[in-house]
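Coordinate analysis (summary)
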Amino acid sequence: VGEQVLLKCSFKSSSPITESLLVDWTYRPLSGGRMETIFHYQSVPHPTTTGRFKDRISWVGNVANGDASIAILSPELSDNGTFICSVKNPPDV
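What you see is a predicted model, and the numbers here were worked out from it, not measured in a lab.

**A word on the packing of aromatic side chains**
For the coordinates displayed, the defined rule picks out 5 aromatic pairs. Seen from their ring centres, Tyr 27 and Phe 83 are 4.8 Å apart, and the 45 degrees between their planes marks the pair as tilted. Here Phe 83 lies in strand β7 (residues 81–88) and Tyr 27 lies in strand β2 (residues 22–29), a separation of 56 residues in the sequence. Classification of Tyr 27 as buried rests on a relative accessible area of 0%. For Phe 83, a relative accessible area of 24% translates into the label partly exposed.

**A few points about the side chain of Ser 15**
Considering the arrangement of structural elements, one finds Ser 15 in the loop between β1 (5–7) and β2. Beyond its immediate stretch of four places on either side in the chain, Ser 15 contacts Asn 89, Pro 90, Pro 91 and Asp 92.

**Structural notes on the sheet that holds strand β5 (residues 57–59)**
Spatially, β1-β6-β5 is the arrangement adopted by the 3 strands of the open sheet, whose pairing is antiparallel. In this open sheet, the two strands that pair with only one neighbour each are β1 and β5. Averaged over all neighbouring strand pairs, the angle between strand axes comes to 25 degrees, with direction disregarded. Pairing geometry for β1 and strand β6 (residues 70–72), over 3 bridges, is antiparallel. The residue of β6 that forms the bridge with Val 5 is Ile 72.

**A few points about the nonpolar core**
Counting residues in each nonpolar core, the largest one holds 18 residues, and the members touching the most others are Val 23, Trp 25, Trp 59 and Ile 70. Looking at this core, the elements that each hand over two or more residues are β2, β3 (36–42), β5 and β6.

Cut-offs applied
Residues numbered from 1 in each chain as written. Predicted model: local features only at pLDDT ≥ 70, side-chain atom pairs only at ≥ 80, totals over all residues. Heavy atoms only, no water. Phe/Tyr/Trp six-rings, centres within 6.5 Å; stacked < 30°, edge-to-face > 60°. Helix = DSSP H or I, 4+ residues; strand = E, 2+ residues; numbered from the N terminus. Buried < 20%, exposed > 50% of the residue type's maximum accessible area, 1.4 Å probe, protein only. Contact = heavy atoms within 4.5 Å. Pairing = 2+ DSSP bridges. Axes fitted to C-alpha atoms, helices over the stretch in contact; angles between N-to-C directions. Core = buried A, V, L, I, M, F, W, Y, C linked by side-chain atoms within 4.5 Å.

Here it is as structure tokens:
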């Protein structure tokens, strides 16, 4: 609580990395409920503009190095849940 948390995500692709590469981070609270997209990357980072993580997610990845990691600022115990990183690099998924 209070210290920045790094959520690591690494990937490998048999296709060259292009502007078509997509990264999506989704979150589901520990108590259950629906999945929500909290971060999107396509050429540039697009952090969520709504919800519990608004203004608290920063991109720390480097897709050229197979890194799609994000950081959560000022984490709280209520942020506990399942975080899923999804990377698509057409035609490779």
